[in-house]
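# Residue-level structure breakdown
Letter by letter, the chains look like this.
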Protein chains: 2
Amino acid sequence: MGEFELIRNFFAAAPCAQGGEGVALGIGDDCALLAVPLGEQLAISTDTLVAGVHFADPCDPFLLGQRSLAVAVSDLAAMGATPVAFTLALTLPTVTADWLDAYARGLNVMAQSCGVALVGGDTTRGPLSLTMTVFGRVPAGQALTRSGAQPGDWLCVGGELGNAAGALPLVLGQRTADEAIADPLLRHYWSPQPQLALGQALRGKASAALDISDGLLADCGHIALASKVGIQVERSKLPVSQALVTFLGQTGAEDAALSGGDDYVLAFTLPPVELPKLLADGWPIHVVGRVVSGQGVVLLDADGHDITPQTRGYQHFRETP
Amino acid sequence: MGEFELIRNFFAAAPCAQGGEGVALGIGDDCALLAVPLGEQLAISTDTLVAGVHFADPCDPFLLGQRSLAVAVSDLAAMGATPVAFTLALTLPTVTADWLDAYARGLNVMAQSCGVALVGGDTTRGPLSLTMTVFGRVPAGQALTRSGAQPGDWLCVGGELGNAAGALPLVLGQRTADEAIADPLLRHYWSPQPQLALGQALRGKASAALDISDGLLADCGHIALASKVGIQVERSKLPVSQALVTFLGQTGAEDAALSGGDDYVLAFTLPPVELPKLLADGWPIHVVGRVVSGQGVVLLDADGHDITPQTRGYQHFRETP
């Protein structure tokens, strides 16, 4: 048996590959089969991570296993979908049992946390990269899209921003920090928690939503474009963690929140009438701006002055979200 | 706008990305949404092709576009599924407009031929590789799996075998041949036609099925293992093309049919009672062997003698199917 066939058997035996609700046929045939309940639709998203581009090479395979799945599942959260399954296309330069074992353990932890089953994929030889395709179910017509924002809606985010961007110099070994600072930042980078429950709670309430992968300003640009509206972001309202402020200073922390990537926190627009109930229910919602008529994204200071970065390069500074 | 964002817009504008039956939401949001009709299940398969491993680099991007999608859709044919949609994760070292344009044209031709819509994906920078995930629908409980073969069933294939393997030395520039020989072989390699109609016709009739990607013997091994049966393949019954025989000789052609890869022709097992009607309906079915009790695959000559290759290495000689 070739080593890549061994890998396939290895993944087929992984805890996360032992089926789940909605999985009619898992790994081992030409296709997997998913059952979609009556009245629901299947949400699908694909993400590729390339070594040396999207993550340092070498890196801890356990952490990579967690992160690679979390990044993909976050797109399901952004649609308000309930995760069902995923496929993994793994390209490896060489086969190392230790690496595979650690990677699969990380994958399993995140799969269990998100409630998704591994149902198929492909394993090939080549430069290290991973493509995850994730599947979720969502009641027909209730998925959260990017295109429904209306002038007057609040712009909200589901948690602190910028932690993953703050972690990047630590990940790359460019800086060091005390554990009390480094740990929460690195945890956010390596093990982002897709906001699945929040996404599902926002169904029928949020007018538009996405998960922040390119930085708040750039991603607000996606909502503004799809919804044909303008969005005002208020710099003074950005939720940033104490660890990030200690590490980067207040200005640096806010910059990371605005333009850093990899947060995988939800950003969404909310008709004002919906906000009090959601806050009362304890959802971690921070109002950071407003939807207005017009187009594009504007950054405001505490006095309402336009302090939008002149280059506007932030909108597309990342080539490989 | 970054060049990779331009690529995404480019694919979003492609003819095959303009939606289709069952596509509730296509490219451009966090997820695509598929509607699955009542009583049907969703069949899913993922295939990765890596430059220099699964195809020559450089190669004709138009032909690669056709082939990369056909290889993936062939797994839907093997399940008896009706194609609905696909996602494309494309990793490119550099962005070349001519390459992309030609690749997308090839992709469109095959997408139109197979009736699938491009609904999402990812485009990243890195060593050239492609991961396709394809989606089809199939009546619940009627998908063709590998696990139902019964002793007494015929082993059948849906067309000539070995043409793609015969084409390989032409693709790699190791040999040349007259157009009359080269053309049909290369056509089979670069533009395999997933046997979708045959797969659908076999629903409720074939006891097991798959598409031949690793060579007939190796793939029969997959059916034998999943069905817990033995399979006898008769060398004298292999359907091989005149072009292949002229190019490789009778023995070489049969070897290519047995052990060459990339045929993407269906192999299936059929209770004898089902055969006459299917033949009468004109389906291109060739009986090439028999399912028996026992395990493993045995190759027989015209006199019924066991001529199974001693190495049995054929079963796993390809590490990256």
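For clarity, every value in this text was computed on a predicted model and none was experimentally measured. (Residues numbered from 1 in each chain as written. Chains lettered and ligands numbered in written order. Predicted model: local features only at pLDDT ≥ 70, side-chain atom pairs only at ≥ 80, totals over all residues. Heavy atoms only, no water.)

### Here's the deal with the overall build of chain A
Within chain A one finds nine helices and twelve strands. Computed over C-alpha atoms, the radius of gyration of chain A comes to 20 Å, within 12% of the 20 Å expected from 2.2 N^0.38 for 321 residues, which places it in the range of a compact globule. A burial count over chain A gives 58% of its 321 residues as buried. Of the contacts formed within chain A by residues at least 6 apart in sequence, a portion of 84% connects residues at least 24 apart. In the structure as shown, chain A presents an accessible area of about 11,900 Å², 52% of it carried by carbon and sulfur atoms. Placing the 17 positive and 32 negative side-chain charges of chain A at their respective mean positions leaves the two points 5 Å apart. (Helix = DSSP H or I, 4+ residues; strand = E, 2+ residues; numbered from the N terminus. Rg over C-alpha atoms; globule rule 2.2 N^0.38 Å. Buried < 20%, exposed > 50% of the residue type's maximum accessible area, 1.4 Å probe, protein only. Contact = heavy atoms within 4.5 Å. Areas by Shrake-Rupley, 256 points an atom, 1.4 Å probe, with all protein chains shown as cover. Lys, Arg positive; Asp, Glu negative; His and termini not counted. Charge placed at Lys NZ, Arg CZ, Asp CG, Glu CD.)

### Section: the state of the cysteines
Using the criterion set out here, one finds zero disulfides over all chains in the structure. In this structure Cys220(A) is not part of a disulfide, and its nearest cysteine sulfur, from Cys156(A), lies 10 Å away. Free cysteine Cys31(B): the closest other cysteine sulfur is in Cys114(A), separated by 13 Å. (Disulfide = S-S within 2.5 Å.)

### Notes on the pairing of strand β4 (residues 82-92) of chain B
Residue and element names in this part refer to chain B. Burial of β4 is extensive: ten of the eleven residues sit out of reach of the surface. Strand direction decides the pairing type here: β4 and strand β6 (residues 129-139), joined by nine bridges, are antiparallel. When the sheet's bridge partners are listed, Thr91 is paired in β6 with Ser129. Here eight bridges tie β4 to strand β5 (residues 117-125), and the two strands are oriented parallel to one another. The residue of β5 that forms the bridge with Leu90 is Thr123. Once the chain exits β4 it traverses helix α3 (residues 97-114) before rejoining the sheet at β5, and the crossover so formed is right-handed. (Pairing = 2+ DSSP bridges. Right-handed = clockwise from strand over helix to strand, strands pointing away.)

### Examining helix α1 (residues 3-12) of chain B
Along α1(B), the positions that sit buried rather than exposed are Phe4(B), Glu5(B), Ile7(B) and Phe11(B). Down the axis of α1(B), the smallest arc covering the buried residues is 150 degrees, so these residues share one side. In this structure, the buried residues of α1(B) make contact with α7 (216-227) of chain A together with β4, α3 and β5 of chain B. (Arc of directions from axis to C-beta.)

### Thoughts on the environment of Ala182(A)
Residues and elements named next belong to chain A. Along the chain, Ala182 turns up in helix α5 (residues 179-190). Measuring from C-alpha to C-alpha, the distance between Ala182 and Thr124 comes to 35 Å, with 58 residues separating the pair along the chain. When neighbours within four sequence positions are excluded, Ala182 is seen to be in contact with Leu170 and Ala177.

### Overview of the interface of chain B and chain A
Facing 58 residues of chain B, the contacting portion of chain A comprises 59 residues. Carbon and sulfur atoms supply 56% of the area that chain B and chain A bury against each other, a total of about 4,500 Å² over both sides. Taken together, chain B and chain A are joined by four salt bridges. In this structure, the salt-bridge partner of Arg146(A) is Asp29(B), at a minimum N-O distance of 3.8 Å. Inspection of the chain B/chain A interface yields 15 residue pairs in polar contact (both at pLDDT 80 or more). (Buried area = accessible area lost by both parts, 1.4 Å probe. Salt bridge = Lys/Arg side-chain N within 4 Å of Asp/Glu carboxyl O. Polar contact = N/O pair within 3.5 Å; in protein donor to acceptor, adjacent residues only side chain to side chain.)

### Brief notes about the packing of helix α4 (residues 163-171) of chain B against helix α5 (residues 179-190) of chain B
All names here are of chain B. One way to put it is that α4 packs onto α5 with a least axis distance of 8 Å and a crossing angle of 105 degrees. With respect to each other, α4 and α5 are oriented roughly perpendicular. Across from Asn163, Ala164, Gly166, Ala167, Leu168, Leu170 and Val171 in α4, the residues of α5 making contact are Ala182, Leu185, Leu186, His188, Tyr189 and Trp190. For the contact of α4 with α5, the class distribution of residues is ten nonpolar, three polar and no charged. (Axes fitted to C-alpha atoms, helices over the stretch in contact; angles between N-to-C directions. Parallel < 35°, antiparallel > 145°, perpendicular 65-115°, else oblique. Nonpolar A, V, L, I, M, F, W, Y, C, P; charged D, E, K, R; others polar.)

In short, the description is geometric, and any link to function would need to be established separately.
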